[in-house]
Amino acid sequence: QVQLVESGGGLVQAGGSLRLSCVASGSIFSIKTMGWYRQAPGKPRELVASITTSGTTNYANSVKGRFTISRDNAKSTAYLQMNSLKPEDTAVYYCNVPVGGRLVAYSWGQGTQVTVSS
């Protein structure tokens, strides 16, 4: 059973930075594309960044230039560096393995709350 554990969220002022971490159990990490998602209150969950096993990255337009996704395969960990945070970035952030469309490979973890104050 694969488990995904997110951490690193918190309360930050607009313009600030946070670094999120996602640790994946099991031996799947090095062979999977990883994605960071977020869900704001009353809104659907959205994919904000992804990184392939070879390091190719993709970002949602809303975070491009401000967020950076990275991974450490040896530690089975994915990171999301978030800079120049805006109040609209406030959401619960999750990691998972995107498999196409809105589908993901594994059960959602508990997520980590990011709150950006204006």
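Preceding this section is the structure that the text describes.
About the criteria used
Residues numbered from 1 in each chain as written. Predicted model: local features only at pLDDT ≥ 70, side-chain atom pairs only at ≥ 80, totals over all residues. Heavy atoms only, no water. Helix = DSSP H or I, 4+ residues; strand = E, 2+ residues; numbered from the N terminus. Rg over C-alpha atoms; globule rule 2.2 N^0.38 Å. Contact = heavy atoms within 4.5 Å. Lys, Arg positive; Asp, Glu negative; His and termini not counted. Charge placed at Lys NZ, Arg CZ, Asp CG, Glu CD. Buried < 20%, exposed > 50% of the residue type's maximum accessible area, 1.4 Å probe, protein only. Pairing = 2+ DSSP bridges.

Asker: Which parts of the structure should I look at to understand the overall build of the protein chain?
Answerer: Looking only at helices and strands, the protein chain features zero helices and twelve strands. Computed over the C-alpha atoms, the radius of gyration of the protein chain is 13 Å, within 12% of the 13 Å expected from 2.2 N^0.38 for a compact globule of 118 residues. Taking as baseline every contact in the protein chain between residues at least 6 positions apart, the subset at least 24 positions apart corresponds to 54%. Averaged over its 11 positive side-chain charges, the protein chain has a centre that lies 4 Å from the centre of its 5 negative ones.

Asker: Teacher, can you tell me more about the pairing of strand 12 (residues 112-117) here?
Answerer: A regular strand places its side chains so that they alternate between the two faces of the sheet. The alternating pattern of strand 12 places Thr 112, Val 114 and Val 116 on a buried face and Gln 113, Thr 115 and Ser 117 on a face that is not buried. Examined bridge by bridge, strand 2 (residues 10-13) and strand 12 share four bridges and lie parallel to one another. Its bridge partner being in strand 12, Val 12 is matched across the sheet by Val 116. In this structure, strand 9 (residues 91-96) lies alongside strand 12, joined through three bridges in antiparallel fashion. Paired with Ala 91 across the two strands is Val 114, which belongs to strand 12.

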